[in-house]
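# Secondary and tertiary structure notes
In case you want the letters, here they are:
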Amino acid sequence: MYDPSQLRTFLAVAQTLSFTQAARRLGLRQSTVSQHVRRLEAATGRTLFSRDTHAVELTEDGEAMLGFARRILEVHEQATAFFTGTRLRGRLRFGASEDFVLTRLPEILEGFRHDHPEVDLELTVELSGTLHEQLAAGRLDLVLAKRRPQDPRGELVWRDELVWIGAERLRLDPDRPVPLIVYPPPGITRAVAIEALQRAGRPWRIACTSGSLNGLTAAARAGLGVMAHSRGLVPPGLVRVPDRAGLPELSGVDFVLVHGDRRPSAQGAADALAAAILAGGDRLQRRTRGTVG
C-alpha cells in the first residue's frame, strides 16, 4: 500500500525536479517533502531520485513510479468523489497555451470530463501572453501557460529550458542575420529569443510569424529558420541546433497554472482541473530527439 500523500509529494518533486519548489506547491516544509520521499523509497525498496547539492533527477525506478503514482492517485480521487457524493457543476473557462497542442493534455481533459460530466468546460488555445491578458480581463478562470521572466504569479507545473530548434538539415551562415521563426507579440518565447540575440550582438531577421504552433513547426521543418522552444516539448521532425552554430544561450521557462478572480460558480471546477493537471504533469512533456548533426 502506498500513501497518497507521499505519492503526491513524489509527483511534485518529479515534475519540478526541486524539493524546494515541491514544498511551495504543496504548502509543506522542505523537511516534510524529504521525509515523504524517503518513506516512499523505503516502501518500494528502490531509490527514486538521484540527488546532490546541485540537481535532482529521476532514476529509472523513479521514471517507472511516475505512471504508477499518477494512476493510483486518479483512482483514489475517483473513489473519494464517488463515496462523498460530491458532483461539480458550472461553467469553467480554461485557457491552455499553444505549447500543449502536441502533448497529451487532451487525455487529462478527457479524464476530467469523465469524472465531472456536469461541468461545462470551455477551452481556449492561445499564446501564453494572450492568455495572461484574458485572465486579467476576467474572460478566463484558469490558465496553463508559460510565465514571463520575473513574474511571481502562478503555481509551478514544471520548469524547463528554452533551446534553439530547427530542421536537421538547417545550416546557419555566421555572416548573415539569424532567420527567426516566432509567434507574434505578446509571445513570451519571441521576446526571450530577440533579447538574447540583441544582448549577444547577433543580427537577426524575422523569417516567419504565426500564431499557431503548427504554422511555426511547418516553417521550421521547411528550413526557413530557427525558433526558441521548450526543450521538453520539441515537436516531431525538429531537433536542437548544435552549440557550434554560435547562437546565444536562452533562459529557462516556467509552465504554471494561474487562477482568475475565482468566480464562486467556477472555483470548485477550477481547483479540480488544476489538481488533475498537477497530478498528470509528466504527460505534458515531450523529450527532444537528438540534435542537428
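One structure accompanies this document, and this report is about it. (Residues numbered from 1 in each chain as written. Predicted model: local features only at pLDDT ≥ 70, side-chain atom pairs only at ≥ 80, totals over all residues. Heavy atoms only, no water.)

## Describing the environment of Thr217
Relative to the assigned elements, Thr217 resides in helix H8 (residues 213-221). When the C-alpha atoms of Thr217 and Pro235 are compared, they prove to be 7.1 Å apart, with 18 residues separating the residues in sequence. If near-sequence neighbours (up to four positions away) are discounted, Thr217 is found in contact with Pro235 and Leu238. A distance of 2.8 Å separates a polar atom in the side chain of Thr217 from the backbone oxygen of Leu213. (Helix = DSSP H or I, 4+ residues; strand = E, 2+ residues; numbered from the N terminus. Contact = heavy atoms within 4.5 Å. Polar contact = N/O pair within 3.5 Å; in protein donor to acceptor, adjacent residues only side chain to side chain.)

## A closer look at the pairing of strand S8 (residues 204-209)
In the sheet, strand S7 (residues 178-182) pairs with S8 via five bridges, with the strands oriented parallel. Bridge pairing in S8 links Pro179 to Arg205. (Pairing = 2+ DSSP bridges.)

## Remarks on the nonpolar core
Grouped together as the largest cluster of nonpolar side chains are 41 residues, with contacts concentrated most on Phe94, Leu105, Leu144, Trp164 and Leu284. Of all the secondary structure elements, the ones that give two or more residues to this core are strand S3 (90-97), helix H5 (105-115), strand S5 (142-147), strand S6 (155-166), S7, helix H7 (188-200), strand S11 (252-259) and helix H9 (264-279). Looking at which element gives the most residues to this core, the answer is H9, with six residues. Dropping the residues within four chain positions of it, Leu284 is found in contact with Phe100, Thr103, Leu105, Ile108, Leu144, Val157, Trp158, Leu233 and Ile277. Counting residues in each nonpolar core, the second largest holds 21 residues, with Val13, Val33, Leu40 and Leu73 among its members. (Core = buried A, V, L, I, M, F, W, Y, C linked by side-chain atoms within 4.5 Å. Buried < 20%, exposed > 50% of the residue type's maximum accessible area, 1.4 Å probe, protein only.)

## Description of the packing of helix H1 (residues 4-16) against helix H4 (residues 60-84)
Viewed as axis vectors pointing N to C, H1 and H4 meet at an angle of 130°, and their least axial separation amounts to 9 Å. Taken together, H1 and H4 sit at an angle that is classed as oblique. Considering only the axes of H1 and H4, their crossing is left-handed. Counted together, Pro4, Leu7, Arg8, Phe10, Leu11 and Ala14 of H1 and Gly62, Met65, Leu66, Ala69, Arg70, Ile72, Leu73, His76 and Glu77 of H4 form the full contact between these two elements. (Axes fitted to C-alpha atoms, helices over the stretch in contact; angles between N-to-C directions. Parallel < 35°, antiparallel > 145°, perpendicular 65-115°, else oblique. Left-handed = near helix turned anticlockwise from the far one by under 90°.)

## Considering helix H3 (residues 30-44)
Counted at 1.5 Å a residue, the expected span for H3 with its 15 residues is 21 Å, and the 21 Å between its end C-alpha atoms agrees. For H3, the complete set of buried residues consists of Thr32, Val33, Ser34, His36, Val37, Leu40, Glu41 and Thr44. Contact partners of the buried residues in H3: H1, helix H2 (19-26), strand S1 (49-51) and H4. Taken from the residues just after H3, Gly45 is the one with a positive phi, measuring 75°. (Expected span 1.5 Å × (residues − 1).)

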